[in-house]
Amino acid sequence: MNIDTFKSFYDVATYKSISKAASLSHISQSALSQQLSNMENRFGVKLFERSNKGVEPTAEGRTILKHVETMVQSYD
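This text gives an overview of the structure that appears in the document.

What counts and how
- Residues numbered from 1 in each chain as written.
- Predicted model: local features only at pLDDT ≥ 70, side-chain atom pairs only at ≥ 80, totals over all residues.
- Heavy atoms only, no water.
- Helix = DSSP H or I, 4+ residues; strand = E, 2+ residues; numbered from the N terminus.
- Expected span 1.5 Å × (residues − 1).
- Buried < 20%, exposed > 50% of the residue type's maximum accessible area, 1.4 Å probe, protein only.
- Contact = heavy atoms within 4.5 Å.
- Phe/Tyr/Trp six-rings, centres within 6.5 Å; stacked < 30°, edge-to-face > 60°.
- Axes fitted to C-alpha atoms, helices over the stretch in contact; angles between N-to-C directions.
- Parallel < 35°, antiparallel > 145°, perpendicular 65-115°, else oblique.
- Nonpolar A, V, L, I, M, F, W, Y, C, P; charged D, E, K, R; others polar.

## Some remarks on helix α4 (residues 59-75)
Helix length check: α4 (17 residues) gives 25 Å between terminal C-alpha atoms against 24 Å at 1.5 Å per residue, within 8%. Taken together, the buried positions of α4 are occupied by Gly61, Ile64, Leu65, Val68 and Val72. Residues of α4 that are buried make contact with α1 (3-15), α3 (29-43) and β2 (54-57).

## Structural notes on the packing of aromatic side chains
This model, assessed by the stated rule, comprises 1 aromatic pair. Here the aromatic rings of phenylalanine 9 and phenylalanine 48 are separated by 5.3 Å at their centres, their planes lie at 50 degrees, and the arrangement is tilted. Taken together, the positions of phenylalanine 9 in helix α1 and phenylalanine 48 in strand β1 (residues 48-51) put the pair 39 residues apart, joining distant regions of the chain. Like phenylalanine 48, phenylalanine 9 is buried.

## As for unusual backbone geometry
Despite not being glycine, lysine 16 shows a phi value in the positive range, around 55 degrees. Here lysine 16 is to be found in the loop between α1 and α2 (18-25). Take lysine 16: its relative accessible area is 36%, and that puts it in the partly exposed class. The backbone of histidine 26 shows a phi angle near 60 degrees, a positive value even though the residue is not glycine.

## What about the packing of α1 against α3?
At a minimum axis separation of 10 Å, α1 and α3 run at an interaxial angle of 105 degrees. In terms of axis orientation, α1 runs roughly perpendicular to α3. Contact residues: Thr5, Phe6, Ser8, Phe9 and Val12 in α1; Leu32, Gln35, Leu36, Met39 and Phe43 in α3. Here the contact of α1 with α3 is built from residues that sort into 7 nonpolar, 3 polar and no charged.

If you want it as C-alpha cells, here you go:
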C-alpha cells in the first residue's frame, strides 16, 4: 500500500463519495473501488457502508481514518 491509496481512502471518507474522490485523484471510479476492496482485504475489515446516498465509514473505517488522516497531513 502506498500514500496515494491512503489519500484516496481519506478523500472517499471526507467527501462520502467514491466517484468524487476518484475524480479528484484522476483515476476511474472502478480503479478506486478496487483500491478500497484491496484495503478491506488487507485489513480484514469492511471500511465503508455503501448506499445510493454515498458512503459512510464503518466503525473500523473510522478507526483507520484517524491514523490515515495523520499520515496524509504529515505527507502534505
